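So you can see what is in the structure, the chains are spelled out below.
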Amino acid sequence: MSSFVIEASGLSKSFGSTHALAGVDLSVRQGESLAIMGASGSGKTTLLHCLAGITRPDRGTVGFHSGAGRVDVTALSERERSRLRREAFGFVFQQGLLIPELTAVENVALALMLNGMPRARAEEYGAGWLAALGLAGLEQRRIGQLSGGQAQRVAIARAQVTGASVVFADEPTGALDSATSSDVMGALLDSTVGQGRTLVLVTHDAGVAGRCSRIVDMRDGRVVAERVPA
Ligand SMILES: Nc1ncnc2c1ncn2[C@@H]1O[C@H](COP(=O)(O)OP(=O)(O)O)[C@@H](O)[C@H]1O
Ligand SMILES: [Mg+2]
């Protein structure tokens, strides 16, 4: 029996006359790795943002299940959604969105400090996650002094450090060459589903999607197919 961590139903979202989402039902199981695929403009990012409480859909609901029960994400205020994102979710984007003025360990520790952890302890945890992602010794480097793959591992560490139950990744390997992409995808899977967490990932790359436990395909704001990789 699998339990759902996120249940979305009837999601619609328009930007002016563009129907970015046109009625999406999608449930995410606890502990799965779900890849969302589809052509550019098919609504992948909008769906991810609705699931993660970044964007409020025009219609439909998103339920999030945790130890504390079910939360209707779509009914929360902006402030409550921002707290949910900080405490329960982790995010990895294509370019990492790391802060270039900060060191690797400071970037990771910042996520904990935003939740109220004192700096020294946050940096200790941060260094632990960097080590887990193969970056021991690079804690004091600024982001510009890291390779693309190393920087993406810092972003992954930052997404994990708060103990997020769901990690959302939008084209996390989109800017990497194929060998680095494969390494980073391995690190992302190990640190999420490998720890019993859930991963929801948007990708164009069939190789990346093929390492997930389930794939959904989007077209014109709808989920049009669902499959399990061979
Ligand atoms: N903030 C926005 N303002 C206007 N149009 C948007 C916005 N976000 C997305 N769109 C449009 O909605 C559609 C779906 O976009 P998106 O979800 O980003 O697709 P994908 O991630 O699959 O490329 C596209 O036509 C896009 O141009
Ligand atoms: Mg996108």
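Further up the page is the structure itself.
Presented here is a report on the structure given in the accompanying data block. (Residues numbered from 1 in each chain as written. Chains lettered and ligands numbered in written order. Predicted model: local features only at pLDDT ≥ 70, side-chain atom pairs only at ≥ 80, totals over all residues. Heavy atoms only, no water.)

### A few points about the site of ligand 1
Stage number 1. Around ligand 1, the neighbouring residues are F15, T18, A20, A39, S40, G41, S42, G43, K44, T45 and T46.
Stage number 2. A distance of 2.6 Å separates an oxygen atom of ligand 1 from a polar side-chain atom of T46.
Stage number 3. Among the secondary structure elements, those contributing two or more residues to the shell around ligand 1 are β2 (18–29) and α1 (44–51).
Stage number 4. A class-by-class count of the residues in the shell around ligand 1 yields 3 nonpolar, 7 polar and 1 charged. (Near = heavy atom within 4 Å. Polar contact = N/O pair within 3.5 Å; in protein donor to acceptor, adjacent residues only side chain to side chain. Helix = DSSP H or I, 4+ residues; strand = E, 2+ residues; numbered from the N terminus. Nonpolar A, V, L, I, M, F, W, Y, C, P; charged D, E, K, R; others polar.)

### Notes on the sheet that holds β2
Sheet strands pair by backbone hydrogen bonding; their relative direction is either parallel or antiparallel.
Stage number 1. One open sheet accounts for 4 strands, arranged β2-β1-β4-β5; its pairing is antiparallel. Of all strands in the sheet, those bounded by a partner on one side alone are β2 and β5 (69–72). Mean inter-strand twist for the sheet, computed between neighbouring axes without regard to direction, equals 20 degrees.
Stage number 2. Sheet topology places strand β1 (residues 4–15) next to strand β4 (residues 59–66); 5 bridges connect them, and they run antiparallel. (Pairing = 2+ DSSP bridges. Axes fitted to C-alpha atoms, helices over the stretch in contact; angles between N-to-C directions.)

### Things to note about the nonpolar core
Stage number 1. Counting 41 residues, the largest nonpolar core has V92, L130, V154, L188 and L201 as its most contacted members.
Stage number 2. Breaking this core down by element, the ones donating at least two residues are β3 (33–38), α3 (104–113), α4 (119–132), α5 (148–160), β7 (166–170), α6 (178–191), β8 (198–202) and α7 (206–209).
Stage number 3. With residues up to four places along the chain from it excluded, the contact list for V154 reads L98, A104, N107, V108, L130, L135, I143 and L146.
Stage number 4. With 29 residues, the next largest nonpolar core counts L47, L51, V73 and M218 among its residues. (Core = buried A, V, L, I, M, F, W, Y, C linked by side-chain atoms within 4.5 Å. Buried < 20%, exposed > 50% of the residue type's maximum accessible area, 1.4 Å probe, protein only. Contact = heavy atoms within 4.5 Å.)

### Here's the deal with the packing of α3 against α5
Stage number 1. Their axes nearest at 8 Å, the elements α3 and α5 cross at an angle of 25 degrees. Here α5 runs roughly parallel to α3, going by the angle between their axes. Judged by the twist between their axes, the crossing of α3 over α5 is right-handed. Residue-level contacts link A104, N107, V108 and A111 of α3 to V154, A157 and R158 of α5.
Stage number 2. Looking at the contact of α3 with α5 residue by residue, the class counts come to 5 nonpolar, 1 polar and 1 charged. (Parallel < 35°, antiparallel > 145°, perpendicular 65-115°, else oblique. Left-handed = near helix turned anticlockwise from the far one by under 90°.)

### Some words on the packing of aromatic side chains
Stage number 1. All told, the structure shown has 4 aromatic pairs when counted by the stated rule.
Stage number 2. On the numbers, 6.1 Å between centres and 0 degrees between planes, the contact of F91 with F93 is stacked.
Stage number 3. Judged by its relative accessible area of 16%, F91 falls in the buried class.
Stage number 4. Its relative accessible area of 21% is what places F93 among the partly exposed residues.
Stage number 5. Geometrically, the ring pair formed by F91 and F168 is stacked, given 5.7 Å between the ring centres and 20 degrees between the ring planes. (Phe/Tyr/Trp six-rings, centres within 6.5 Å; stacked < 30°, edge-to-face > 60°.)

### Some points on the pairing of β7
Stage number 1. Burial runs high along β7: 5 of the 5 residues are buried.
Stage number 2. Here β7 shows a buried face lined by V166, F168 and D170 and a second buried face lined by V167 and A169.
Stage number 3. Sheet topology note: the β7/β8 ladder contains 5 bridges and is parallel. Within β8, the residue paired with F168 across the bridge is V200.
Stage number 4. What joins β7 to β8 is α6, and the crossover it makes is right-handed. (Right-handed = clockwise from strand over helix to strand, strands pointing away.)

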